[in-house]
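# Analysis of the macromolecular model
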Amino acid sequence: MHAPIAEHARTFLPLTDAVFHLLLSLADGPAHGYGILLEVETRSDGAVRMGTGTLYSAVKRLRDQGLIADAPSPVHDDDPRRRYYALTRLGRVVLREEALRLDALVRFARRKSVFDTGDPG
Amino acid sequence: MTDPRAPGPLRLLARLLPRDFRREFEAELLSVATRRVEQGRSGVVNESLDLLRTVVREHARRVASNVADYTRGGGEPMGTLTQDVRYALRMLWKTPVVSAIAAISLALGIAATASTMAMADGFIFSQVPWDDGDEIVSVTMRNPTRGVTTGGGLSAATFAAIDDSDLFAELALYTTSLANISEEGLDPEQVQHLTASPEFLDITRASPMVGRSFTERDAVEGAVPTVVLMHPFWERRYGADPSVVGRSMRMAGLTRTIVGVMPEDFELIPANVQVISPANFADQIDDHRRRFLGVGRLESGITTERANAEIATLQAGVASSTDPTLYEGWDVQVEYFSDTFPGPTDRRLIQILLAVSLFGLMIACANVANLLLGRAEQRQREVSVRTALGAGRDRILRQLLTESVVLAALAGAMGLALSRVLVGWFEVGMPAELPRSLYPELSAPVLILSCVVTLGAGVLFGLAPALHAVKGELRDTLTGARGGTAGRGRRRVRNAFVISEFAVALALLTGAGILVKAFQTISSGDSGFDAAGVMTFFVSPSNERYPDTPSLQALQRDALDALEARPEIARASLMSQLPRSRAAQVTFYDIDGHEPPARPSDFEANWIVASTGFAETLDVPMEQGRFFTDADGPETLPVAVISRAFADRHFADEDPIGQTLRLTRDQTGPAADGGRRIVGVIGDLPQQRLELNARPTPTVYVSADQTTLRTAAFAVEAASGPGGAMAGDAELARAAREAILSVDPGLPAGSMKTLETHVEEQLAGPTMIGVFVAGIGGIALLLAALGIYGVMAHSVVQRTREIGIRMAMGAERGTVVGMVARSGFSLVLVGMLAGMPIAWLMFRLIQSALGELTGVLSPLPPFLFVTAVLISVASIATLLPALRASRIRPARALGEE
């Protein structure tokens, strides 16, 4: 599994917040721009707010880098103008590698007991 | 295409996105953003800000990837640019003469502008080189009726009165002089010595890098005398040895302890000071000699106006406590140092230089635009073909713009290289008293400004031709119809260029003519003395070793004898100042039996103390009577020699010999009672720096044996050696130095240089400016001539068909020449008329800068000369194409279309 693709994927790390959230929104399946923004907002309880410009800037870059790709509209969508985006295989691996990286960081932090100390409120 | 419901700011911003981004995402981005705003999930402001960031980010990304592509060997977008640049270079190369002329004219314009800006940057915008230097005020005296508007000396008495007031937070008095230092193991040396109140260094906010500064205690009665060394002097004389602090040296007759060394970047004004020592001026309330300068910082809240008003009252008190005539006409002036330095004359000269170089750049730009316009026309067909083949209009525009930017970049590089040379050349002419911070320098702001000017000129002057080429008559050109007579509007533009070029050239050249003439007049004609083979130096004996007039006179006689005893030296003499000195000493006078002047200042003359050999050493002819001889001693009848100009002023109808002069400088001694008997009339020579040879100032000479002279300028003339050859400069200098040391081993000869070098140095500034302006004027003339030639040649080509028809109808060759020449001359004439008022303004500017110098000058001769030159140049530039037109063969001209 830790084939060259993971090596290649790691060259994209670390991801910016916007990119991570974007990729995460696509993890369950293709979505359109508005849907991505909605997902990010609800998932984070409004803590993460992404501007539309930032979103499409990220979309363009990720597509140029081959992490996401255009996807066909699902049959139930009534608006033919909407464009859907989906994770590519590389995109999925990048998302996983980033999640692993973050997880490892958090585990290091836990071992140092940083969660138990400090901020009282 | 875009969502019509989208908020205006978003729509506007979206338009700024890069094209490929827009193509793909603009519609969707706007519709999503609109929906979010409508559903209250986001605000227009937030979305706009985010979009703005996106715009910037996307463009930056594009540039970055272009650069990356380029470094990788050319991707698509950058590929277009490299292609454009390559094509531009090829096109420029295709018309090498036109391109070279355009590039060179632009380069010259840029070089002139950049180097003058460097100079102006140093002079006008630089500050007093100390911390909070803009707070520094100078306290000096002025006497407007005597033409001293600032910078006159202050007396210690006035200083004491001012120092007692609450006007100043800090105040110091200082003066500079020559002093001799001696110490074991090192040669005695003459130095520039600054004596100042102990607070002086604190006012500069600088502290020594080694050792300590002065304190109040250093200036009290009986304190150990101390000195602080300036960095360059410490490096040179002591090899930068920090252990000199604490050592003793003798200076100006006192044994002093070196207590500190100033840091390298610390500069004084004047910048050639080498040693600083403290003095107590506050106690000298009875000293009314106006020979000091004040410097300080005002108490906060005190304006210079208020300070001046209050000091006027204090000064009135000082004047009433002594002989009031001592201060008659003099009042104290407090002003910000940055306003007084550099002086107004230098400031105006810089303004003239700036105006001149901007004019130069204007002509250069007009010329470049003109040339490019001409070429753009010739290339219309090419442009048309490319358009027809589907090249977008902005693509062609971009190509043409690239060409002018490439041209401007080439010119800019050449121009900046040239300006380095010019700046280096300016630097040589800077006087030693100026701090380095005022030296011209191609600093970052100057370079950036120059680059902006360069690129601006390139774009601006490339744009007009480019627009012309793209706009309008493209189809006409391609179809070939009426190509010859098209473009009336364009011709008007080019005509306007030629007219303005001639207008500016006229003004510039007239200005250059006046300046060059003015500076030439200074040194033109007979200077009245012969500087060849004369070596000069200064000797400044200390008060302690030579306390009185007899001891000074004895030393001077011994020194002259010792000098003349050397085989290398034919003659030696001394004088109070060398000819053409920066600050000439003056005296008022009365003449017995003559009506006294209404004001004492009406009878004012240069005051020169000289020894017996003066006239022979400098080869100044005696016109009447005699010069001083050994018979004129301290005990004999006080005598004076007057200059030709002096004699002309007062003794036009009578014999000056035997008349009696009373000089205000003779305040003590026997001369004050009996006056001085005039014994001779000597030829005129310029004593002041910018004095005209042709208009010498009246001068009175007094014998060194009959007055007191401490710091003396010596002049020695080389003797022919045994082989008949004159002693060389180095030989002469060594002989002089040794002779002086043989009289007093502690007495150095300083500022050793030939008289020729001295005169050259004094005239370097004006000469430099004159040459610079004349150079730019010459370039302007050349450019204007090229401009008109280009336009005329071009119009002849364009009118080939018309001329052909006329000739076919029987027009004479002469008629054709006349027709073409007339149209050219009318442009020149209009240009000249338009240039006259500008030339007049230029003259007034120069007049205000040079004042008296231009008093003798009329603007008319340079103006007429320049007009004649311009017209003859214009004639050639017009007639050549006109003659070509007359050789047009009708059949050929008609068949050509």
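To be clear, the structure that these remarks concern was listed above.
Cut-off values and rules
- Residues numbered from 1 in each chain as written.
- Chains lettered and ligands numbered in written order.
- Predicted model: local features only at pLDDT ≥ 70, side-chain atom pairs only at ≥ 80, totals over all residues.
- Heavy atoms only, no water.
- Helix = DSSP H or I, 4+ residues; strand = E, 2+ residues; numbered from the N terminus.
- Buried < 20%, exposed > 50% of the residue type's maximum accessible area, 1.4 Å probe, protein only.
- Contact = heavy atoms within 4.5 Å.
- Areas by Shrake-Rupley, 256 points an atom, 1.4 Å probe, with all protein chains shown as cover.
- Expected span 1.5 Å × (residues − 1).
- Core = buried A, V, L, I, M, F, W, Y, C linked by side-chain atoms within 4.5 Å.
- Patch = residues over 30% accessible without salt bridge, like charges linked within 9 Å, V, L, I, M, F, W, Y side chains within 5 Å.
- Salt bridge = Lys/Arg side-chain N within 4 Å of Asp/Glu carboxyl O.
- Lys, Arg positive; Asp, Glu negative; His and termini not counted.
- Charge placed at Lys NZ, Arg CZ, Asp CG, Glu CD.
- Axes fitted to C-alpha atoms, helices over the stretch in contact; angles between N-to-C directions.
- Parallel < 35°, antiparallel > 145°, perpendicular 65-115°, else oblique.
- Left-handed = near helix turned anticlockwise from the far one by under 90°.
- Nonpolar A, V, L, I, M, F, W, Y, C, P; charged D, E, K, R; others polar.
- Pairing = 2+ DSSP bridges.
- Buried area = accessible area lost by both parts, 1.4 Å probe.
- Polar contact = N/O pair within 3.5 Å; in protein donor to acceptor, adjacent residues only side chain to side chain.
- Phe/Tyr/Trp six-rings, centres within 6.5 Å; stacked < 30°, edge-to-face > 60°.

Bringing the overall build of chain A into the picture now. When its secondary structure is counted, chain A shows 5 helices and 3 strands. Counting the 121 residues in chain A, one finds 43% classified as buried. Of the contacts made within chain A by residues no fewer than 6 positions apart, 59% connect residues no fewer than 24 positions apart. Accessible surface, chain A: about 7,000 Å² in total, of which carbon and sulfur atoms supply 57%.

In this section: helix 9 (residues 304-320) of chain B. Residues and elements named next belong to chain B. End to end, helix 9 covers 24 Å across 17 residues, agreeing with the expected 24 Å (1.5 Å per residue, within 8%). Of all the residues in helix 9, the buried ones are T304, A307, I311, Q315, V318 and A319. Those residues of helix 9 hidden inside the fold are in contact with strand 1 (136-143), helix 6 (156-163), strand 3 (168-183), strand 10 (293-298) and strand 11 (331-336).

Residues and elements named next belong to chain B. Counting residues in each nonpolar core, the largest one holds 83 residues, and the members touching the most others are F614, L618, F627, Y701 and L870. A total of 15 residues in this core trace back to one element, the largest contributor, which is helix 22 (residues 755-798). With residues near it in sequence (within four places) discarded, L870 still touches F502, A505, L506, L509, L781 and M832. L563, W607, F651 and A712 belong to the second-largest nonpolar core, a separate cluster that totals 46 residues.

Quick look at a negative patch on the surface now. On the surface, B:D530, B:E616, B:D619, B:D729, B:E756 and B:E760 cluster together into a negatively charged patch. Looking at the secondary structure, you find B:E756 in helix 22.

With that settled, consider the packing of helix 2 (residues 17-25) of chain A against helix 5 (residues 89-111) of chain A. All names here are of chain A. One way to put it is that helix 2 packs onto helix 5 with a least axis distance of 10 Å and a crossing angle of 120°. Considering the angle they form, helix 2 stands oblique to helix 5. In the packing of helix 2 onto helix 5, the handedness of the crossing is left-handed. The residues of helix 5 that touch helix 2, namely those facing F20, L23 and L24, are G91, V94, L95, E98, A99 and L102. Residues that form the contact of helix 2 with helix 5 fall into these classes: 7 nonpolar, 1 polar and 1 charged.

Here the focus is the sheet that holds strand 1 (residues 31-32) of chain A. Pairing within the open sheet is antiparallel, and its 3 strands lie in the order 1-3-2 (chain A). Looking along the sheet, the strands with just one partner apiece sit at the ends: strand 1 and strand 2 (68-71) of chain A.

On to the interface of chain B and chain A, then. On the side of chain A, 20 residues touch chain B, which itself brings 20 residues to the contact. Of the roughly 1,900 Å² buried at the junction of chain B and chain A (both faces included), carbon and sulfur atoms supply 45%. Our count for the chain B to chain A interface comes out at 17 residue pairs in polar contact (both at pLDDT 80 or more). Per-element accounting of the side of chain B that touches chain A gives the leading share, 10 residues, to helix 2 (residues 19-38) of chain B. Residue classes in the side of chain B that touches chain A are distributed as 6 nonpolar, 3 polar and 11 charged.

Turning our eyes to something else, we now look at the environment of B:E544. Here B:E544 lies in the loop between strand 12 (534-539) and helix 17 (549-565). In the structure, B:E544 is positioned 290 residues away from B:L254 in sequence and 7.6 Å away in space, judged by C-alpha atoms.

Once that is clear, we can look at the packing of aromatic side chains. Tallied over the full model, the rule gives 14 aromatic pairs over all chains. Judged by centre distance (5.7 Å) and plane angle (45°), the ring pair of A:Y56 and B:F25 falls under tilted. In this pair, A:Y56 is assigned in helix 4 (residues 52-65) and B:F25 in helix 2, connecting two distinct chains. Taking 5.3 Å as the distance between ring centres and 50° as the angle between the ring planes, the aromatic pair formed by B:F21 and B:F25 counts as tilted. Here B:F25 and B:F21 lie together in helix 2, a separation of 4 residues that amounts to about one turn. Here B:F25 falls in the buried class, since its relative accessible area comes to 0%. Members of the aromatic cluster, joined through ring pairs, are B:F614, B:F627, B:F628 and B:Y701.

Interpretation note: all reported values are geometric properties and have no functional meaning in isolation.
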